[in-house]
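Close look at the chain arrangement
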2 protein chains.
Amino acid sequence: MTAPAENSLWGHKWGFADTYFKIGADRAVMMHGDRYALSGYAMPHLVPYIESLFDIQLDPDDRLPEREAINVPSVTPHPAFYDAIETAFPSNRYSFEDRDRLLHSHGQTTFEEVYKVLYRKLERVVDMVFFCASTEDAERMIELAIAHDVCLVPFGGGTSVSCALTLPPEETRPIVSVDMKRMNRVEWIDPKNLRARVQAGITGAQLEAALRERGHTCSHEPDSLELSTLGGWIATNASGMKKNRYGNIEDIVENITLVTPSGRLEQVAATSRVAMGMQLQPLLFGNEGNLGLVTEATIKIHPIPAQTQYNSLLFPHFDRGVECLYELAQSNYIPASIRLVDNYQFRFGQALKPAATGLKAIADRLKKQYVLNLKKFDPTQMAAATVVMEGSESEVRYQNDRIAALAKQYGALVTGAENGRRGYMLTYAIAYFRDFLASHHIIGETFETSAPWSQIQPICTAVQQVLDDKHQQFGLPGKPYLSYRISQIYHSSVCIYFMFGFYTKGVREPEVIGSKIEYDLRRAIIDNGGSISHHHGVGKIRRAFVPDTLSEASIDLLKQIKRAVDPANIFGIRNTLY
Amino acid sequence: MTAPAENSLWGHKWGFADTYFKIGADRAVMMHGDRYALSGYAMPHLVPYIESLFDIQLDPDDRLPEREAINVPSVTPHPAFYDAIETAFPSNRYSFEDRDRLLHSHGQTTFEEVYKVLYRKLERVVDMVFFCASTEDAERMIELAIAHDVCLVPFGGGTSVSCALTLPPEETRPIVSVDMKRMNRVEWIDPKNLRARVQAGITGAQLEAALRERGHTCSHEPDSLELSTLGGWIATNASGMKKNRYGNIEDIVENITLVTPSGRLEQVAATSRVAMGMQLQPLLFGNEGNLGLVTEATIKIHPIPAQTQYNSLLFPHFDRGVECLYELAQSNYIPASIRLVDNYQFRFGQALKPAATGLKAIADRLKKQYVLNLKKFDPTQMAAATVVMEGSESEVRYQNDRIAALAKQYGALVTGAENGRRGYMLTYAIAYFRDFLASHHIIGETFETSAPWSQIQPICTAVQQVLDDKHQQFGLPGKPYLSYRISQIYHSSVCIYFMFGFYTKGVREPEVIGSKIEYDLRRAIIDNGGSISHHHGVGKIRRAFVPDTLSEASIDLLKQIKRAVDPANIFGIRNTLY
């Protein structure tokens, strides 16, 4: 994993510009670049798999033309403000370049952002990019914004998938994107108390590199780890794949410095657990850019574990996997990460493999025979789980033994470390797949929810039903695609992570249709007991559902908190309910 | 453990009125009543132990005379309000009785509350007690309070030790204590998702009884478990002794209904983990009665564990115990509860034992010889840990084996289940000891902090030093007493729980001196990196330290939140920073 240098390696699509899927000779797909385990080999099974999923024929040469150049309007005039900027900061601290402005004017939401910047037109573009280098910079910038009535938008890794970075078209003031990525230092490490003070613009990859160099780890691993920042994690209330061992972001961060128009919201010192009256710090998670700039935070760190071990499980049916996870959730051997993927994702994982040859082909065939013929697993029903265990040697052994024993009680086969590692690592590479499909007229999105254990099946059934209905209603071609996994387990609930997509060839405004369908799917989730979001956040695409989650008085109080902190609405990104 | 019936079993002192320590024949102490393991037998070693600790002579007959009768002024007139109450509620829903009013006018803070109600005079007494029976009652009562400008004070178990229940003498409006204890029902249990909806006036004992009847447990076990309420736990941000397995209150509660002058603050449904923008629910923990009435909450429940097993460890020195706990905190075999007591508390536990006779006396002598002569433990240095493990048989075995192995690395002896159980259970009985000592001219208080691991030793040393200095400065008789334990462990920090006391015979206004010393001890804690409180809360006695914990902008925002929710300051108890 590598960290993005300032603007040089990333573009409008997901991730690093040197990494992309492309159909090559013989209709085999290749992931170009050399960053991932998936990179650099031919995948002959992938196109046929996609064609069968969507019931379509893919023409490798039929690709949507990109048209980003039309997207950059001129800078909103405000000479007094721009003069003040010039006086206050050196010239390498800000940019009016079209490319910088456009890159800072969207996140990674498919229908409303990426599809638009690549194939349509963004409604609003930032007027200036400010590269914040310190907490004092942040304070100075906010002062200027107040003095000149300018709108500020915090910008970290740009990986939001909730339209949290979509600029409000109705904003008439100049908008400055405050890029935090120059604040990427670990300020100190306290090895005894296992804490570090970190600048909030650091990416996950940078943070891990800096900590590991000194024998420690944070191990907060959202799918966006390579690109997203500590401040962004706090702003969205992020979840990490290894949260069972390391916690979600709200468990990791022990003191946030949020610079607001009313001053710094922070504690004098980090605290693990206190009774200090009402605590503001927990309120700052999920601020979604509405209140100010997260510039620094104190986080928990851990010694690098002695062992990291992978494993994988193959269940005859998704439901059996859920039952196994349910029992596991009540145990003391929950691994750092366990994820249960449905049959579609399992088969997708298979389709990403290279053509097997020689002994490997024979071994693969034998394994397949064992699973299908001897164990009688139905190839259209079986589901897989990847397991990551970390800790001391004996901790890992304890977990591995107990998990294997438990899984067998639910009819699972233990399919080993290599499948587990591969499944876990796929995550980082898979994110690039969305943009590949879009260029071939297939658009889709991921969405997720946390839901009580009892509601997993009702929610998945309802989402499938609504998707099928809508696909028909909109008269879309081919078949729609829906797949899901249980990506996190909790005492009372789980995170269900969905992917859906549909073929758009010949469809007018497919991004509008996609957006409508996504709304209806969320409606189905909430009507069946799911939540508004597990970790993506509300942003703008889910704001209509806030009244389904909170009492009126709660919504009103949140609005009053915003008014108290930022009366002039300097942070006018208008996420969640503002 | 039993639950207090409405007002019949409890008085101004701690706990049940039928339970109290008293010096009997031969200067042996007995705990009267039959509620506890300590009840009903003679403790011949206790008085000598106290005398040596404080360097005093105790005269069993020299007891402070109680004078509660002088404490009840007449009701503040407000005929319109009282008429409205009479119209709105049946007569069994409220009381103007002196006894009810006095019982609801203080908590259990030693110097400022219990000592005053028993031996001095309370500055302010509530004018009426309202027995709230439903969320609708709470709403109606708040409406009336707004209409008639009356002050409301939520009242649960009355076990606050932070002056959170001390009534502001400057409050000129009538004060109504809203007693929540009639709201004591478990409304529903969801066994699949392991949740229950519970009325917030339920005591810990009632909650456990109701859940266990149906095969479940919550297992939130603060020392006040028998008396304190779910609503009180939320209001103070309580911690439970078994938090390692069951969580602290903020980990347990998944939806709070807080009825405020601006409406109900609540979620539409409970959530385990969501990204829903800024979350208000975490802000409600530690509200300390400043915002409204907690009437109901959805909590996590657990199947009753297959096993509960106790163990105990004897360390040659407190510091070795701390080192062991530090390593344990990073492991996957942290037991439900582990507490490390210092040498004073260890010896106090020994002093509570009955006189040993026959074989038991011989066995005790042999054990002592083994520890002191063979193992060369210094009797004035050794420290003990009690361990409680819960879970499946194999989980408990895993923990027990690993903990024993770890402890031995730190020079500990494993001293078995019986000592562990006794140590754990002592907690509930010990709380009565404070009132016994006070009647014999010894007053003291408990206080606690959360502190980074590195600060345990500096804090304990500083607290001892300040106590010694102050004891001398105030010219107090005998020796002061200080004892502490590590009652909770976390990744980066621990809870240190202190007890201190001093002999007051011949001292003028000892409660004022005690209060001043407590302030100086907190100053020493904070100056050495400790927090304002781990679980007792801020109330009024620690409000001077809020600026040591939060930035100015944070304090200002908390004040604005209060104003937004309760503009007329109906909930005028003035805790924390209001």
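Since the model is a prediction, treat every value here as computed from it, not as a measurement.

1. Describing the overall build of chain A
Along chain A, the regular secondary structure elements total 19 helices and 21 strands. For chain A, the C-alpha atoms occupy an extent of roughly 75 × 60 × 45 Å along the three principal directions. Counting the 578 residues in chain A, one finds 63% classified as buried. For chain A, the proportion of contacts with a sequence separation of at least 24, taken over those separated by at least 6, is 76%. Separation of charge centres in chain A, based on 60 positive and 66 negative side chains, amounts to 4 Å.

2. A short note on the relation of the copies chain B and chain A
You can overlay chain B on chain A at an RMSD of 0.0 Å; the transform is a turn of 180° with a shift of 0.0 Å along its axis. Expressed as an axis order, the relation between the two copies is that of a two-fold axis. A shared interface surface links the copies, since 100% of the contact residues of chain B are contact residues in chain A too.

3. A short note on the sheet that holds strand 20 (residues 481-489) of chain B
Residue and element names in this part refer to chain B. Strand order in the open sheet made by the seven strands is 18-15-17-16-20-21-19, with antiparallel pairing throughout. Both edges of this open sheet fall to strand 18 (413-414) and strand 19 (442-452), since each of them pairs with a single strand only. Bridge count for strand 16 (residues 337-341) against strand 20 is two bridges, and the pairing is antiparallel. By the bridge assignment for strand 20, valine 341 is matched with arginine 485. Strands in contact with helix 14 (residues 393-409) are strand 15 (307-315), strand 17 (383-391) and strand 18; relative to strand 17, the strand with the most contacts, it is inclined by about 160°.

4. Section: the pairing of strand 21 (residues 493-503) of chain A
All names here are of chain A. For strand 21, a buried count of eleven out of eleven residues is recorded, marking the element as mostly surrounded by other parts of the structure. Here strand 21 shows a buried face lined by Ser493, Cys495, Tyr497, Met499, Gly501 and Tyr503 and a second buried face lined by Val494, Ile496, Phe498, Phe500 and Phe502. Sheet topology places strand 19 (residues 442-452) next to strand 21; eleven bridges connect them, and they run antiparallel. If you follow glycine 444 over to strand 21, its bridge partner there is glycine 501. Bridge count for strand 20 (residues 481-489) against strand 21 is eight bridges, and the pairing is antiparallel. Following the sheet pairing, isoleucine 489 is matched in strand 21 by valine 494.

5. Details of the packing of aromatic side chains
Residues and elements named next belong to chain B. In the structure shown here, the tally under the stated rule is 47 aromatic pairs over all chains. Note on phenylalanine 318 and tyrosine 484: the rings are 5.1 Å apart at their centroids and 80° apart in plane angle, and the pair reads as edge-to-face. Separated by 166 residues along the polypeptide, phenylalanine 318 in helix 11 (residues 318-329) and tyrosine 484 in strand 20 bring together distant segments of the chain. Residue class for phenylalanine 318 comes out buried when judged on its relative accessible area of 8%.

6. Quick notes on helix 11 (residues 318-329) of chain A
Residues and elements named next belong to chain A. In this model helix 11 runs 16 Å from its N-terminal to its C-terminal C-alpha over twelve residues, within 8% of the 16 Å that 1.5 Å per residue would give. Listed in full, the buried residues belonging to helix 11 are Phe318, Gly321, Val322, Cys324, Leu325, Tyr326, Leu328 and Ala329. Residues of helix 11 that are buried in the fold lie against strand 15 (307-315), strand 16 (337-341), strand 17 (383-391), helix 14 (393-409), helix 17 (456-473) and strand 20.

7. Structural notes on unusual backbone geometry
The phi angle at Glu509(A) is positive, at roughly 45°, despite the residue not being glycine. Within the secondary structure, Glu509(A) is located in the loop between strand 21 and helix 18 (510-527).

8. What about the pattern of salt bridges?
Under the definition given, this model contains 67 salt bridges over all chains. Linking Arg264(B) and Glu139(B) is a salt bridge whose minimum nitrogen-to-oxygen distance equals 2.6 Å. Of this pair, Arg264(B) sits in strand 12 (residues 263-265) while Glu139(B) sits in helix 5 (residues 135-148), and the two are 125 residues apart along the sequence. According to the relative accessible area criterion, Arg264(B) is partly exposed, its value standing at 26%. A cluster of three or more residues bridged by salt bridges with shared partners is formed by Asp149(A), Glu170(A), Glu171(A), Arg173(A) and Arg574(A).

9. Focus on the packing of helix 2 (residues 79-88) of chain A against helix 5 (residues 135-148) of chain A
Residues and elements named next belong to chain A. Contact pair helix 2 / helix 5: the axes reach a minimum separation of 10 Å and the direction vectors enclose 155°. As summarised for this structure, helix 2 and helix 5 are arranged roughly antiparallel, according to the angle between their axes. Viewed along their axes, helix 2 and helix 5 form a crossing whose handedness is right-handed. Contact residues: helix 2 offers Ala80, Phe81, Ala84, Ile85 and Ala88, while helix 5 offers Arg140, Met141, Leu144, Ala145 and His148. Partitioned by chemical class, the residues of the contact of helix 2 with helix 5 number eight nonpolar, one polar and one charged.

10. With respect to the sheet that holds strand 6 (residues 151-155) of chain A
Residue and element names in this part refer to chain A. Taken together, four strands build an open sheet; the order of strands is 4-5-7-6 and the sheet is mixed. Strand pairing shows two members of the sheet lacking a second neighbour, strand 4 (94-95) and strand 6, which therefore form its edges. Bridge count between strand 4 and strand 5 (residues 128-131): two bridges; the pairing is antiparallel. Its bridge partner lying in strand 5, tyrosine 94 is registered against phenylalanine 130. Of the strands in this sheet, strand 4, strand 5 and strand 7 (175-179) touch helix 2, which is tilted by about 25° from strand 5. Against the sheet, helix 5 engages strand 5, strand 6 and strand 7, with an angle of about 150° to strand 5.

11. Topic: the interface of chain B and chain A
Chain B puts 80 residues into the contact, and the matching count from chain A is 80 residues. Counting the surface lost from both chain B and chain A, the interface buries some 6300 Å², and carbon and sulfur atoms represent 58% of this. Looking at the side of chain B facing chain A, the largest losses of area belong to Arg273(B), Met278(B) and His491(B), adding up to 15% of the total buried there. Taken together, chain B and chain A are joined by two salt bridges.

12. Regarding the packing of helix 4 (residues 110-119) of chain A against helix 18 of chain A
Residues and elements named next belong to chain A. The contact between helix 4 and helix 18 brings their axes to 9 Å, and the two run at 165°. In terms of axis orientation, helix 4 runs roughly antiparallel to helix 18. As for how helix 4 packs across helix 18, the hand of that crossing is right-handed. Taken together, the residues of helix 18 that come into contact with helix 4 (itself represented by Phe111, Glu112 and Tyr115) are Pro510, Glu511, Gly514, Ser515 and Glu518. Counted by class, the contact of helix 4 with helix 18 contains three nonpolar, two polar and three charged residues.

13. Comments concerning helix 4 of chain A
An α-helical turn contains 3.6 residues, so a residue and the one three or four places further along point in the same direction. Residue and element names in this part refer to chain A. The element helix 4 is extensively covered by neighbouring structure, given that nine of its ten residues are classed as buried. Those residues of helix 4 lying buried are Thr110, Phe111, Glu112, Glu113, Val114, Tyr115, Val117, Leu118 and Tyr119. On its buried face, helix 4 sits against helix 3 (98-103), helix 16 (433-439), strand 19, strand 21 and helix 18.

Rules used in this analysis
Residues numbered from 1 in each chain as written. Chains lettered and ligands numbered in written order. Predicted model: local features only at pLDDT ≥ 70, side-chain atom pairs only at ≥ 80, totals over all residues. Heavy atoms only, no water. Helix = DSSP H or I, 4+ residues; strand = E, 2+ residues; numbered from the N terminus. Buried < 20%, exposed > 50% of the residue type's maximum accessible area, 1.4 Å probe, protein only. Contact = heavy atoms within 4.5 Å. Lys, Arg positive; Asp, Glu negative; His and termini not counted. Charge placed at Lys NZ, Arg CZ, Asp CG, Glu CD. Least-squares fit on C-alpha atoms with pLDDT ≥ 70 in both. Pairing = 2+ DSSP bridges. Axes fitted to C-alpha atoms, helices over the stretch in contact; angles between N-to-C directions. Phe/Tyr/Trp six-rings, centres within 6.5 Å; stacked < 30°, edge-to-face > 60°. Expected span 1.5 Å × (residues − 1). Salt bridge = Lys/Arg side-chain N within 4 Å of Asp/Glu carboxyl O. Parallel < 35°, antiparallel > 145°, perpendicular 65-115°, else oblique. Left-handed = near helix turned anticlockwise from the far one by under 90°. Nonpolar A, V, L, I, M, F, W, Y, C, P; charged D, E, K, R; others polar. Buried area = accessible area lost by both parts, 1.4 Å probe.

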